[in-house]
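Remarks on the overall topology
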Amino acid sequence: MSLQDDLSAVRRNLDELTRKVERLEQQAARQKSSTTAAGPEPSRMVTVPDTPYDSSLWTDSDDEGLGARDRRAP
């Protein structure tokens, strides 16, 4: 491929990307205007208690992303 062909391909890809970004922005604006300011539906909300969890639930758990407590990460 020549330099001119490469530049033409880059220009086409950039134009396509620009069109897709504009389309996403339009979709986001439509979705934003269709949502209500009241927030999520109450039927989809879950109440989480403020009381502490029972610590015995976590005695055999691994630290997320760190592995087991008695082993070293590679």
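Attention here is on the structure that accompanies the text. Note that the structure is a prediction, hence the values are computed from the model and not measured.

So, the overall build of the protein
- When its secondary structure is counted, the protein shows one helix and zero strands.
- Across the 74 residues in the protein, those meeting the buried criterion constitute 1%.
- Accessible surface for the protein amounts to roughly 7700 Å². Of this, 54% is attributable to carbon and sulfur atoms.

Details of a nonpolar patch on the surface
- Together, Val46, Val48, Tyr53, Leu57 and Trp58 give the surface a local cluster of nonpolar side chains, amounting to about 620 Å² of exposed area.
- Looking at the secondary structure, you find Trp58 in the segment after helix H1 (3-34).

Describing the pattern of salt bridges
- Within the structure shown, the criterion is met by one salt bridge.
- Measuring nitrogen to oxygen at the nearest pair gives 3.1 Å for the salt bridge that ties Lys20 to Glu16. Here Lys20 pairs with Glu16, and both are found in helix H1, just four residues apart, close to one helical turn.

Parameters at a glance
Residues numbered from 1 in each chain as written. Predicted model: local features only at pLDDT ≥ 70, side-chain atom pairs only at ≥ 80, totals over all residues. Heavy atoms only, no water. Helix = DSSP H or I, 4+ residues; strand = E, 2+ residues; numbered from the N terminus. Buried < 20%, exposed > 50% of the residue type's maximum accessible area, 1.4 Å probe, protein only. Areas by Shrake-Rupley, 256 points an atom, 1.4 Å probe, with all protein chains shown as cover. Patch = residues over 30% accessible without salt bridge, like charges linked within 9 Å, V, L, I, M, F, W, Y side chains within 5 Å. Salt bridge = Lys/Arg side-chain N within 4 Å of Asp/Glu carboxyl O.

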